[in-house]
Amino acid sequence: MRGEPARASVWQRLGKAALALFAILMILVTAWVVAVWRAMEGSKPRLEGELTMAGLDAPVTITRDLEGVPTITGASRLDVAQALGYLHAQERFFQMETLRRTAAGELAAFLGPPALAIDRQVRRHRFRARARAMVAGMKADERAILDAYVAGVNAGLADLGGRPFEHMALLRAPEPWAAEDTLLAVFAMYLNLQPATPQREMDRARAQARGGRALADFLYPETTPLDAPLDGSRLPEPPMPEHLLPREETGAGKLVEASVPGSNNWAVSGMLSTSGAALVANDMHLGLTVPGTWYRARLVVRGELDATGVTLPGAMFVVAGSTGRIAWGFTNSYIDTADAVIVEETRPGFYRTPDGERPFVVHAEVLAHRTGAERLEVRETIWGPVVGTDALGRTIAMRWTAHAPDAVRLAPFLALEAASSVEEAIAIAHSAALPQQNLVVGDREGNIGWTIMGQVPARFGFDGRDAVSFADGRAGWAGMLEPGAVPVVMNPPSGRIWTANARVIGGNAYPLLGDGGYDTGGRAGRIRDLLFAKNRFAPADMLAIQLDDVSPRNGWWAALLAAEIARRPGDAKLQALRPYLAAWDGRAVPESVAFRLVDRFRRLVLEGLYEAWLGGKPEPVGFRRTFAPAQAEGSIRRVLDARPEELLPPGHAGWDAYLESKLAELVKEVGRDPASFTWGGYGVAGVKHPLARVLPFIGWVTDPPEVPVPGDRSTVRAQAPGFGASERFAVSPGHEAEGIFHMPGSQAGNPRAPYYLAGHQAWVEGRATPFLPGPPRWKLTLVPAGGRR
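Residues numbered from 1 in each chain as written. Predicted model: local features only at pLDDT ≥ 70, side-chain atom pairs only at ≥ 80, totals over all residues. Heavy atoms only, no water.

Points about unusual backbone geometry
Here is step 1 of the chain: Here the bond from V290 into P291 is cis, since omega is -5°, no more than 30 degrees from zero.
Here is step 2 of the chain: Residue placement: P291 occurs in the loop between β5 (279–287) and β6 (295–301).
Here is step 3 of the chain: With phi around 55°, L171 is a residue other than glycine that occupies positive phi space.
Here is step 4 of the chain: By the secondary structure assignment, L171 is in the loop between α7 (165–169) and α8 (179–193).
Here is step 5 of the chain: Phi is positive for Y334, which is not a glycine, with a value near 55°.
Here is step 6 of the chain: Summarising the element assignment, Y334 is placed in the loop between β9 (326–332) and β10 (338–342).
Here is step 7 of the chain: A residue is classified by how much of its surface remains accessible, and Y334, at 10% relative accessible area, is buried. (Helix = DSSP H or I, 4+ residues; strand = E, 2+ residues; numbered from the N terminus. Buried < 20%, exposed > 50% of the residue type's maximum accessible area, 1.4 Å probe, protein only.)

If you want it as structure tokens, here you go:
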């Protein structure tokens, strides 16, 4: 018994030590919270007064309206660029930090080891080295405006009262902005809009390993029954495959249908608009964060330029908007911009080329993270970096337009701001280099046009669908298409142009552009039909189309689900769903039970089929979760109509049994109360600060209230949790005062800014607000401290 007091004493000492450690921890956490709060207060943007800034040639005025939208007025485009850089740093430097680090493959050094998976995938493209080379080769006028912008960014960063609060939360100090970082911001958009691997070819190789070329063609078709191209063309459907190879068990879990970052844009000519000028509408679909992707601004160079629209923090130009002469918007084109090249290794360290054997160029990259570093060996070929091995065991390199020596050109964006007509804008688009976009543009004379903005590969010897060897010189790229070869649609007889990430054109133009993973034509077809439903349009009519929440895709699935339930009258749980399905109207609205039932049934069936056919799912990097393409719709419908035994998923007695298993999964998810299984239970806005996803308590200060919103990925009002319209506008050039605009999130990045989250509720409600900034509320004047050298 003598040991009892001694043991008690040990436990008492341990308890006191634990309490002391807890107290120390609480003190540290409290100090950290106080430091972050003080950083918010200390890093609020300067709104008023006068600031002396080196490098300006003349004073620049910055007025902000009640939502924080600035009008920047200067005597030259250089001065306006410098002022815009100042504002971007003051309002959005954390966003700029993550853009440059994402593209450079340097996120882990800032965010920590969890970001290493992204860095490993991205660093092999060596975008920082490419950006430095591009800056070194810039023409003097392009470099001058870039340097002005960079000077403004660093002046804005220095003028903050403290480090941005996100940097304080991560215990990181911001580093100065460099010229190459602006190009990295554009490279970040390449990575946002295009895969960092030749994804489609590698997926097709997996399908070929399971069932030959026939299965690959069927699972990765070039067409769907919903296609709605401008020229009305149709592409042939691939034949149904006759067999599958025996399935190899992988232990993989369920798939999730591929998400296609997308957008909508369209235009009507002056003969259909109430103003007589062209009327352009645009909503670009991206991840939703607070602050948002875009920074609104009006840029005025006295007597020369008056451009209003959205800018990308990190770059000095208007991305989409209106200038009084033209208005333009973008959607991601999904043309084929990359290829999988089979590397024929001849001996260790060497590979075959049309000019004989060559050694790999090996780069030893260091991936730093917060607790150390790791080495990454990057093997480079003359076509691009080696990115992996496909399902057929072949070494694959990636040939990508993003690797071109001039993959980012800033000058064409600046030229677009100065363009006076659709014809001039299209010519500028063909000189541009950026993530390839569908440009829809209209001018004040009423003309409209579409083309691809960005470089288009000039392939020879193959169609780009499957991995090929370039080693014998019979296949490859002959540079990029000449401007005259890039397809253009200008002033069609209907006076209407529309794009929505699906195939835009067929005929001889289609093989030139290829298929980089087009979306189904559901949204495009719905936009087309709504445009042809009227003959006169004002901006409010365009917003009504942008807010349309009817899914053309899901109607087929509603009929299938109703029919399958009707065939099982003895299943009481299924029969309980019938009253809800009877209310089906195709609308993705929060109160709809029918829409959620149908959409979930579709996903369960599609997920199960692609998992069975391809035997697994890809490694989860970024948003990549599935081998199923967006264009799976046509093939899936054909299978479910024909129900061939050759394609029946293993483990099921027949197609009825397979569908019954999916119905059982649906019933289990619905639970006991079908009335509570509403679309609003899934379809929320999901607008959050990036840090709040890993530090939830940050969201208490930064994030807007969570709300259900209408829309789905298959509707014109594209929406999913954390994904949707990053802005919406409709405007006629020369009539900007009649235009409308709204965007989610916030113009400000700092929650202590007086206009934080201003305008977000208008986006939630789909309410029209003015395209132009409102009356000035704050005025800041930047005064030169010596001119430019």
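Digging into the pattern of salt bridges
Where charged atoms from two side chains of opposite charge come close, those side chains can pair.
Here is step 1 of the chain: Within this structure, the stated rule accounts for 58 salt bridges.
Here is step 2 of the chain: Here E97 ties to R101 by a salt bridge, and the two come within 3.0 Å at their closest N and O atoms. Note that E97 and R101 are positioned in helix α2 (residues 77–104) at a spacing of four residues, about one turn of the helix.
Here is step 3 of the chain: With a relative accessible area of 11%, R101 lands in the buried category.
Here is step 4 of the chain: A salt bridge links E237 to R638; the nearest nitrogen and oxygen atoms lie 3.7 Å apart. Remark: R638 occurs in helix α19 (residues 632–642) and E237 occurs in the loop between α9 (199–219) and β4 (263–268); sequence separation between them is 401 residues.
Here is step 5 of the chain: Residue E237 is classed as partly exposed on the basis of its relative accessible area of 45%.
Here is step 6 of the chain: Looking at R638, the relative accessible area reads 21%, which means it is partly exposed.
Here is step 7 of the chain: Through salt bridges with shared partners, a single ionic network connects E97, R100, R101, E106, R128, R132, E175, E180 and D181. (Salt bridge = Lys/Arg side-chain N within 4 Å of Asp/Glu carboxyl O.)

Focus on the confidence of the model for the protein
Here is step 1 of the chain: Overall, the predicted model of the protein reaches an average pLDDT of 92, with 92% of residues at or above 70.
Here is step 2 of the chain: Here residues 247–258 is a poorly scored stretch, pLDDT under 50, and it has 39 contacts once near neighbours within four places are set aside; other chains count. (pLDDT = per-residue confidence, 0-100. Contact = heavy atoms within 4.5 Å.)

Topic: α2
Here is step 1 of the chain: A rise of 1.5 Å per residue sets the reference length of α2, with its 28 residues, at 40 Å; its end C-alpha atoms lie only 29 Å apart and thus fall more than 12% short of the reference.
Here is step 2 of the chain: Of all 28 residues in α2, 26 are buried; the element is thus mostly enclosed.
Here is step 3 of the chain: G105 lies just past α2 and shows a positive phi near 70°. (Expected span 1.5 Å × (residues − 1).)

A short note on the packing of helix α15 (residues 554–566) against helix α18 (residues 593–614)
Here is step 1 of the chain: At a minimum axis separation of 9 Å, α15 and α18 run at an interaxial angle of 90°. Looking at the two axes, α15 sits roughly perpendicular to α18. Every residue of α18 that contacts α15 at N554, W557, A558, L560 and L561 is listed here: F595, L597, V598, D599, F601, R602 and V605.
Here is step 2 of the chain: Grouping the amino acids of the contact of α15 with α18 by side-chain chemistry returns nine nonpolar, one polar and two charged. (Axes fitted to C-alpha atoms, helices over the stretch in contact; angles between N-to-C directions. Parallel < 35°, antiparallel > 145°, perpendicular 65-115°, else oblique. Nonpolar A, V, L, I, M, F, W, Y, C, P; charged D, E, K, R; others polar.)

Topic: the sheet that holds strand β12 (residues 350–353)
Here is step 1 of the chain: Taking strand neighbours across the sheet as the criterion, the three strands line up as β11-β12-β13 in an open arrangement whose pairing is antiparallel. The strands lining the two open edges of the sheet, one partner per strand, are β11 (345–347) and β13 (356–359). Looking at each pair of strands side by side, their axes are set apart by 45° on average, direction ignored.
Here is step 2 of the chain: Pairing of β12 with β13 involves four bridges; the strand directions are antiparallel. When the bridges of β13 are listed, F350 appears paired with P359. (Pairing = 2+ DSSP bridges.)

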